[in-house]
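Structure at a glance
Residues per chain are reported as follows:
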Amino acid sequence: THPTISVAELFRLLLDEEKLSWEEADAIVKKTFAYTNHTVLPEALEKWSIPLFKTVLPRHLHIIYEINRRHMEQVAAKHPGNETLMRELSIIDENGQKAVRMAHLAIVCSHHVNGVAEIHSEIIKNELFKDFNDLFPGKF
């Protein structure tokens, strides 16, 4: 999921260079990206540490925090009071060392999500990312 950093980079270009509004940039980003997941093993999904982001890509981290803030508002609106679900669906993993869940970022900012094969797609839809599938009907 390392190419997912391109989501934050496209946001940065659209916001900082092209001076688009958040809403305009968000619409373009979500029309641009689709996510093909290559692993059904949760432990194999990439997480990038917050300290790394702060040091190397601080503007990208700021953008990711804003993506997550808006995403969490959407989750809270659909599932008020469900803190467990909010923690599970957050782009930011706060268990242990804080990190960016790159697959979560890809899911939130893509127009479509699939696996590398039909059976793989069914596993990510019904098991690995079931809560995201429920949140975003038709995206998987």
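The paragraphs below set out a description of the structure included in this document. Since this is a predicted model, take the numbers as computed values, not measurements. For every chain, the first residue of its written sequence is number 1, and the numbers climb from 1 along that sequence. Side-chain atom pairs in this predicted model are given and counted only at pLDDT of 80 or more, local residue features only at pLDDT of at least 70, and totals for whole chains, interfaces and linings cover all residues. Calculated side-chain values reflect all of the structure's heavy atoms, with hydrogen atoms and water omitted.

1. What about the overall build of the protein?
Going by this rule: Each helix corresponds to a stretch of at least 4 residues labelled H or I by DSSP, and each strand to a stretch of at least 2 residues labelled E; elements are numbered beginning at the N terminus. Burial status follows relative accessibility: with a 1.4 Å probe on protein chains alone, a residue under 20% of its type maximum counts as buried, one over 50% as exposed, and anything between as partly exposed. Whether two residues are in contact is decided by their heavy atoms: any pair within 4.5 Å suffices.
Looking only at helices and strands, the protein has 8 helices and 5 strands in total. Along the protein, from the amino end to the carboxyl end, the secondary structure elements read α-α-β-β-α-α-α-β-β-α-β-α-α. Counting only C-alpha atoms and orienting by the principal axes, one finds that the protein spans roughly 40 × 35 × 30 Å. The buried share among the 140 residues of the protein stands at 44%. When contacts within the protein are restricted to residue pairs at least 6 apart in sequence, those whose partners lie at least 24 apart make up 67%.

2. Some details on the sheet that holds strand β3 (residues 92–93)
So the rule is basically this: Should DSSP find at least two bridges between two strands, the strands are regarded as paired.
The strand order across the open sheet formed by 3 strands is β2-β4-β3, and the pairing between neighbours is antiparallel. With one partner strand each, in any of the chains shown, β2 (47–49) and β3 form the two edges of the open sheet. Summarising the sheet, β2 and strand β4 (residues 99–101) pair through 3 bridges and their orientation is antiparallel. When the bridges of β4 are listed, Ser-49 appears paired with Ala-99.

3. Observations regarding the nonpolar core
The criterion, for reference: Only buried residues count toward a nonpolar core, which is a set of Ala, Val, Leu, Ile, Met, Phe, Trp, Tyr and Cys residues joined through side-chain atoms within 4.5 Å.
Phe-11, Ile-67 and Val-100 are the most contacted members of the largest nonpolar core, which totals 42 residues. Counting residues per element, the ones that place at least two in this core are α1 (5–17), α2 (22–32), α3 (50–56), α4 (58–78), α5 (83–89), α6 (102–108) and α8 (130–135). Ranked by the residues each element gives to this core, the list is headed by α1, at 7 residues. Once residues lying within four places of it in the same chain are set aside, the contact partners of Ile-67 are Val-7, Phe-11, Trp-22, Ile-91, Leu-105, Val-108 and Cys-109.

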